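Structure at a glance
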Amino acid sequence: MRAYEVTRFGGPEVLELSERADPLAEAGDVIVDVRAAGLNPIDILQRSGTFRFANPPRFPFVPGNEFAGVVTAVGSRVESVAIGDAVIGRTDKARLGALAERVAIDASLVAPMPRSVDFTSAAAIPLAGTTALQGVRDALSVRPGDRLLITGGSGVVGMFAIQLAARVGARIVTTASAVSASLLRRLGADEVVDYRSRPVDESLGRFDKVFDLVGGAQTDALMTLVSAGGRLVSVASTPTPGSIRHDYVMSPLRAATLETALWVATSGKRRRARKGGFTYRFLSMRPSSEDLKELGALIDSGDMEIMLDSTYDFEHAADAFARVETRRAKGKVVVAVP
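Residues numbered from 1 in each chain as written. Predicted model: local features only at pLDDT ≥ 70, side-chain atom pairs only at ≥ 80, totals over all residues. Heavy atoms only, no water.

**Some details on the packing of aromatic side chains**
- The full count for this structure, using the stated rule, is 3 aromatic pairs.
- Measuring from centroid to centroid gives 5.0 Å for F9 and F59, while their planes differ by 80 degrees, and the two rings are edge-to-face. Here F59 lies in the loop between α1 (41-48) and β4 (66-74) and F9 lies in the loop between β1 (2-6) and β2 (15-19), a separation of 50 residues in the sequence.
- Here F59 falls in the partly exposed class, since its relative accessible area comes to 37%.
- Where F59 meets F61, the ring centres are 5.9 Å apart and the plane angle is 35 degrees; that geometry is what we call tilted.
- Residue classification places F61 among the buried positions, given a relative accessible area of 12%.
- Taken together through their ring pairs, the aromatic side chains of F9, F59 and F61 make up a single cluster.
- Taking NZ or CZ as reference, R35 lies 5.2 Å from the ring centre of F119, over its face.
- Lying over the aromatic face of F53, R254 brings its terminal NZ or CZ to 4.9 Å of the ring centre. (Phe/Tyr/Trp six-rings, centres within 6.5 Å; stacked < 30°, edge-to-face > 60°. Helix = DSSP H or I, 4+ residues; strand = E, 2+ residues; numbered from the N terminus. Buried < 20%, exposed > 50% of the residue type's maximum accessible area, 1.4 Å probe, protein only. Lys NZ or Arg CZ within 6 Å of the ring centre and 35° of its normal.)

Given below as C-alpha cells:
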C-alpha cells in the first residue's frame, strides 16, 4: 500500500509518500480501506515531536488520527464489525496510521459511518467531534442556562461544541473573526466576539463554564472570567497532571517523570483556579466507539452539521498540512484517499 511516513521530527519536509507493507489484523483488529483522512493541529504536533517523551516513536511511522473507510478484513475475535461495513474511527493515540491507503485499528475504536454523509464529511467527525462531546458533556458538564464561553469557535472542535452546547440550552459566547460570525450564530452561538477588535478580558463578564480551544497566553486571561464554582477546561494548554498518563504505554519511571514535569508546569494555573474557587483541567479526549455512535445519530437526524474547509488529493497531503498550519481553516481539512 501507499502510506505517508514521518522519517524524523521536523517540518513538512519529514513527510514522505512511500510504499509500505499492508497492515495485518491482530485478533481484535479490523483492516480498513481508508477513503478519507482528517487532519488536525495534533498531527502537526506529532510530526514535530511535541509528544516524544510520552510516546517515543519508531521511525518511520505513519501519521494520521482519524478516517472514514470500508472494512476489508477482521481479526479472529471480532464480532461487532463485518467486512464491507463503512466505518469511521479515531486511531489509538500511540498507533496512529490513518494517512495511508489501509489502516489496522482495534475494532472497539470504530463505529458505523453516518448514513447521511459521504466519506469526506465522515472523516471530519472522529477527533474533533469526540473532543467536543467529551468536553461539553463530561469535562464541563454543561447544563441548561449555563453561560458558556468557547474560544476559537470557528475551528472544527468549536463548531461541534457550539452545536452540542446549544442543544443542551446553554447561553453561548464564542470568539472568532468577524467573517465567521453569521455561521457561528446559525450553529447556535448567542454572541460572537471578534478577537481582533475586542480583547478576551473581564469586559466579557463572568462565565459558569469556559472551553479553551486556543491556549497560549489567552488561557491566563480566561482565569479571570470563571465564576466561583465554575469550570475551565482546555484542550490547547499544557496538560495537567493525570490528563495524558493513560494515553500511552510507558514505564513507571517515565510516567513519574512526566507527571512531575506537568505538576510543576501547571502549578500556577491550578493555584489560581483554587484561589478563584473553580476547577481547571486539561482534556485529553479518549477514543470511543460509543461517542462516535452518538455523534453519528445526531448527524443522521439533522441535529448537527459537519463543516469542511477544504479537501486535498492523497498525493498533495503536504498542502493539506500546510493549510492546517495556517490556523485559518474554517472547518475540517480532509485528505481524500483513492
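**Comments concerning the pattern of salt bridges**
- Counted under the stated rule, the structure contains 21 salt bridges.
- R2 is paired through a salt bridge with E315; the nearest N and O atoms lie 3.0 Å apart. Taken together, the positions of R2 in strand β1 and E315 in the loop between β14 (308-313) and α10 (317-325) put the pair 313 residues apart, joining distant regions of the chain.
- One salt bridge connects R137 with D291, and the closest N-O pair in it is separated by 3.1 Å. Taken together, the residues R137 in helix α3 (residues 126-139) and D291 in helix α9 (residues 289-300) connect sequence positions 154 residues apart.
- By relative accessible area, D291 is classed as buried at 7%.
- Among the ionic contacts, a cluster of salt bridges with common partners joins R137, D138, D291 and E294. (Salt bridge = Lys/Arg side-chain N within 4 Å of Asp/Glu carboxyl O.)

**Section: the environment of T238**
- Mapped onto the elements of the fold, T238 is located in the loop between β12 (226-234) and α7 (252-265).
- By relative accessible area, which is 36% here, T238 ends up partly exposed.
- Once the C-alpha coordinates of T238 and S154 are considered, the two residues, 84 residues apart in sequence, prove to be 22 Å apart.

**Here we look at the side chain of S180**
- Checked against the element boundaries, S180 lands in the loop between β9 (171-176) and α5 (181-187).
- What makes S180 buried here is its relative accessible area of 5%.
- Excluding anything up to four places from it in sequence, S180 contacts S154 and K330. (Contact = heavy atoms within 4.5 Å.)

**As for the sheet that holds β9**
- Spatial ordering of the open sheet is given by β10-β9-β8-β11-β12-β13, a layout of 6 strands whose pairing is parallel. Where the open sheet ends on each side, the last strands, each with one partner, are β10 (191-194) and β13 (279-282). The sheet shows a mean angle of 15 degrees between the axes of neighbouring strands, taken without regard to direction. (Pairing = 2+ DSSP bridges. Axes fitted to C-alpha atoms, helices over the stretch in contact; angles between N-to-C directions.)

**Here we look at unusual backbone geometry**
- With an omega dihedral of -10 degrees, the bond running from F59 to P60 counts as a cis peptide bond.
- Checked against the element boundaries, P60 lands in the loop between α1 and β4.
- Of note in the backbone geometry, L96 takes a positive phi value of approximately 55 degrees without being a glycine.
- When you line up the elements, L96 lands in the loop between β5 (86-90) and β6 (102-106).
- Positive phi values are uncommon outside glycine, yet R327 reaches one of about 60 degrees.
- Considering the arrangement of structural elements, one finds R327 in the loop between α10 and β15 (332-336).

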